[in-house]
Amino acid sequence: MTVDSADSTAAAQKAQPPRKRTAAKKSAKKSPGKTAAADKTPAKRVTKKAATAKAPQSDLVQLLTPEGKRVNHPEYDRYVTDVTDDELRALYRDMVLTRRFDAEATALQRQGELGLWASLLGQEAAQIGSGRATREDDYAFPTYREHGVAWCRGVDPTNLLGMFRGVNHGGWDPNSNNFHLYTIVIGSQALHATGYAMGVAKDGADSAVIAYFGDGASSQGDVLEAFNFGAVYNAPVVFFCQNNQWAISEPTERQMRVPLYQRAQGFGFPGVRVDGNDVLACLAVTRWALDRARQGEGPALIEAFTYRMGAHTTSDDPSKYRSDDERVAWEAKDPILRLRAYLESQTDTDEGFFAELDAESETLGKRVRDVVRAMPDPDLMAIFENVYADGHALVDEERAQFAAYQASFADEAAGEGV
């Protein structure tokens, strides 16, 4: 296997000189908060050389070590020099509350209140860091696990639960927060995001688009097609891949022979691997990528190197395909603990802040439980709404047939004197 030299990799990661679009640009808005397809190769054919292709750690962009120590980076420090201690505390709050919401949703599924849940446990830094890098006029296209990004975009977390309870198909207006509905089809949102970004460029806007997907989705044709369209049309889109090491039960080395971020080179745009458990590094790298997209320099691929601490979804049992030792090793890199260590050692953050946050976390947990249990059953006739913008004769006919069918149950019950 041939791996590009460090020099060529570094060159691919650097932003090219800005090439401004000819269309007029809108005034910039402030950032809110400021702050698989599996490889079919049999297991016996996976060579030792292929298994080591995960990535040289020297390529990893990191600003905050697992021990909570700040380290410098020659290219990305400048994107977070304006981050104050208050904003670091805000990032910490975002991660803590997002984790609490996620834990409540998991518990509610175990209690039979939700049909399914996809946990983000362990991926809080990747989502909060990238989410807080976006501006209000940027647009995000998620999968079904971006609960932290939804939080950053101002979506009420309880609105995320309706689909998993089976009472709606989304629960929020995407245009109210520039946050698209969750996408269940693996990888299709990358094409949606690229098409939207092409429209943004044609409109002459200076906003950017960010598409989220996992390492498993990066093996889907839709994602690779999105890479090609984004590159050829110089679309202002950032591809943000959360490499949590497992595409359900398939490890990354069974999906690709080179580090994931290096795949961008084949499409003609830069790729960067960032410590996905370092919220500060994720913020910096995403700001860089979004800035260059807004300046007309085209797409970039960010690989947030992180770990899915829980199951793929609540229907999954990760103990059947991965070891406890692996999980324990990643627990030592916990994104929340490392930022807390920094706050306690390098800022004037006192215990009062953490105590208040604990209380806020409890309040959020109670609200999530109360809202979910009070969700009304959907109107059975609502399935026929919003199919066509101006109505359709066939839909009208089907609606009438279904209404008659439902009414027959009431007639039968009345006949039996129930």
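Residues numbered from 1 in each chain as written. Predicted model: local features only at pLDDT ≥ 70, side-chain atom pairs only at ≥ 80, totals over all residues. Heavy atoms only, no water.

(A) The pairing of strand β6 (residues 271-275), seen in detail. In terms of burial, β6 is largely enclosed, as 5 of its 5 residues are buried. Bridging between β6 and strand β7 (residues 300-305) involves 5 bridges; their strand directions are parallel. Paired with V274 across the bridge in β7 is A304. Of the crossover connections in this fold, the one passing from β6 over helix α10 (residues 279-294) to the parallel β7 is right-handed. (Buried < 20%, exposed > 50% of the residue type's maximum accessible area, 1.4 Å probe, protein only. Helix = DSSP H or I, 4+ residues; strand = E, 2+ residues; numbered from the N terminus. Pairing = 2+ DSSP bridges. Right-handed = clockwise from strand over helix to strand, strands pointing away.)

(B) Structural context of the side chain of T65. Within the secondary structure layout, T65 lies in the loop between α2 (48-51) and α3 (85-110). Sequence-distant contacts of T65, that is, excluding residues within four places in its chain, are made with V71 and R338. (Contact = heavy atoms within 4.5 Å.)

(C) Expanded view of the sheet that holds β7. Taken together, the 5 strands give an open sheet; going across it, the order is β1-β2-β3-β7-β6, and neighbouring strands pair in parallel fashion. Single-partner strands in this sheet number two, and they are β1 (139-141) and β6. The mean angle between the axes of side-by-side strands here comes to 20°, regardless of whether they run parallel or antiparallel. On the sheet, helix α4 (residues 124-133) packs against β2 (209-214), β3 (237-243) and β7 and is oriented at approximately 165° with respect to β3. (Axes fitted to C-alpha atoms, helices over the stretch in contact; angles between N-to-C directions.)

(D) Quick look at the side chain of T143. Among the structural elements, T143 can be located in the loop between β1 and α5 (147-152). Side chain to side chain, T143 and E146 meet in a polar contact 2.4 Å long. Residues contacting T143, with those up to four places away along its chain left out, are Y182, T183, Q189, Y212 and F213. (Polar contact = N/O pair within 3.5 Å; in protein donor to acceptor, adjacent residues only side chain to side chain.)

(E) Spotlight on a nonpolar patch on the surface. On the surface, F229, V232 and Y233 cluster together into a nonpolar patch covering about 330 Å² of accessible area. Along the chain, V232 falls in helix α9 (residues 221-232). (Patch = residues over 30% accessible without salt bridge, like charges linked within 9 Å, V, L, I, M, F, W, Y side chains within 5 Å. Areas by Shrake-Rupley, 256 points an atom, 1.4 Å probe, with all protein chains shown as cover. Salt bridge = Lys/Arg side-chain N within 4 Å of Asp/Glu carboxyl O.)

(F) Molecular detail of the packing of α4 against α10. Between α4 and α10, the shortest axis-to-axis distance is 7 Å and the interhelical angle comes to 40°. With respect to each other, α4 and α10 are oriented oblique. Crossing angle aside, the handedness with which α4 passes α10 is right-handed. Residues A125, A126, I128, G129, S130, R132 and A133 of α4 touch α10, and the partners they reach there are V279, C282, L283, T286, R287, L290 and R294. Taken together, the residues of the contact of α4 with α10 sort by class into 8 nonpolar, 3 polar and 3 charged. (Parallel < 35°, antiparallel > 145°, perpendicular 65-115°, else oblique. Left-handed = near helix turned anticlockwise from the far one by under 90°. Nonpolar A, V, L, I, M, F, W, Y, C, P; charged D, E, K, R; others polar.)

(G) Structural context of the pairing of β7. Here β7 lies mainly inside the structure; 6 of its 6 residues are buried. Burial along β7 is two-sided: A300, I302 and A304 and L301, E303 and F305, pointing in opposite directions, are all buried. As defined by bridge partners, β3 adjoins β7 across 6 bridges and the pair is classed as parallel. Paired with C241 across the strands is E303, a residue of β7.

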